[in-house]
Amino acid sequence: MFTGIVEEIGHIVSVQRHAFSQIITISASDILGGTNIGDSIAVNGVCLTVTSIGSKQFSADVMHETINKSSLGNLRAGMAVNLERAMPANGRFGGHIVSGHIDGVGRITKISKDDNAVWYTINAGKEIMQLIVPKGSITIDGISLTVAGVNDDSFKVSVIPHTRQVTTLSQRRINDCVNLENDIVGKYIKRLLQTGESLDVTADGLGEISTRQDVSVKAQSSQRQNTSGITREFLGKYGF
């Protein structure tokens, strides 16, 4: 698990391309301290396994599915990438829950200055946009950010100078592709709604949650009736 707080900017040393996969070698320094073969490192938000470690660099395999779902297939020697080690059990939770499993790729459509901040507008597909909410969390190239605005096919984030300085966002330009990971909490809620399961909350209000399978699913006209037991009032009550 990661938190979306980038530890270091690394640079691609080489990319060995195969028919449907590749091996990338990345130069780094800070994150190599205490890192061993088999450890996980998020590269532009993609969880990769360290397969070899050299002098100020490491290598990782990128499989076919990862190339299809992320922008790692576009990497070239010399490119900068965001790096974060997996979160230790006793570490600070500085961002939000990030799995390192990319949901898809977005495209930067607008970049604008706002005093000391910079606004990025990112276009994304419906499957990603339906899980993005104002003031919610989104991971962009491995960076934990807060959604500042949402439209039907795009969303906006406002980035402070520090974040731009310590990540690759300062190098991003209009039409660049970025890796996107939705908040995992929203994905679980969506799954529960789709499968017809509901959340049972104990009467003491402490939020002890279990799931149960509804005994029936009804349809009203051409739309599926919500039998999950999750309502807007329920989500609002428990902070969603």
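Identification of the chain as Riboflavin synthase from [Lactobacillus] rogosae is taken from an unreviewed UniProt entry. Looking at the chain in UniProt, the text filed under Pathway (unreviewed entry) is "Cofactor biosynthesis; riboflavin biosynthesis; riboflavin from 2-hydroxy-3-oxobutyl phosphate and 5-amino-6-(D-ribitylamino)uracil: step 2/2." One UniProt comment on the chain, placed under Catalytic activity (unreviewed entry), says "2 6,7-dimethyl-8-(1-D-ribityl)lumazine + H(+) = 5-amino-6-(D-ribitylamino)uracil + riboflavin".

A. The arrangement of the overall build of the chain in detail. Looking only at helices and strands, the chain features 5 helices and 16 strands. Classification of the 240 residues of the chain by burial places 38% in the buried group. In the chain, of all internal contacts separated by at least 6 residues, the share reaching a separation of at least 24 is 65%. Working note: accessible area of the chain is about 13200 Å², and carbon and sulfur atoms make up 50% of it.

B. Summary view of the pairing of strand S7 (residues 104-114). Sheet topology note: the S7/strand S12 (residues 177-182) ladder contains 4 bridges and is antiparallel. For Gly104, the partnering residue across the bridge sits in S12 and is Leu180. Two strands pair when backbone bridges link them, and S7 and strand S8 (residues 117-123) are joined in this way by 7 bridges, in the antiparallel orientation. Within S8, the position partnered with Ser112 by the bridge is Trp119. Hairpin connection between S7 and S8: a loop of 2 residues separates the two successive antiparallel strands, and Asp115 in this loop has a positive phi of roughly 60 degrees.

C. Fine view of the pairing of strand S4 (residues 46-54). Direction of pairing for strand S3 (residues 40-43) relative to S4: antiparallel, over a ladder of 4 bridges. Paired with Ser40 across the two strands is Thr49, which belongs to S4. Connecting S3 to the antiparallel partner S4 that follows it, the hairpin turn spans 2 residues, and Asn44 within it adopts a positive phi of roughly 50 degrees. In this structure, S4 lies alongside strand S5 (residues 57-62), joined through 4 bridges in antiparallel fashion. Bridge pairing links Ile53 to Phe58 in S5.

What counts, and at which threshold
- Residues numbered from 1 in each chain as written.
- Predicted model: local features only at pLDDT ≥ 70, side-chain atom pairs only at ≥ 80, totals over all residues.
- Heavy atoms only, no water.
- UniProt positions renumbered as here; feature names shortened; annotations may be inferred.
- Helix = DSSP H or I, 4+ residues; strand = E, 2+ residues; numbered from the N terminus.
- Buried < 20%, exposed > 50% of the residue type's maximum accessible area, 1.4 Å probe, protein only.
- Contact = heavy atoms within 4.5 Å.
- Areas by Shrake-Rupley, 256 points an atom, 1.4 Å probe, with all protein chains shown as cover.
- Pairing = 2+ DSSP bridges.

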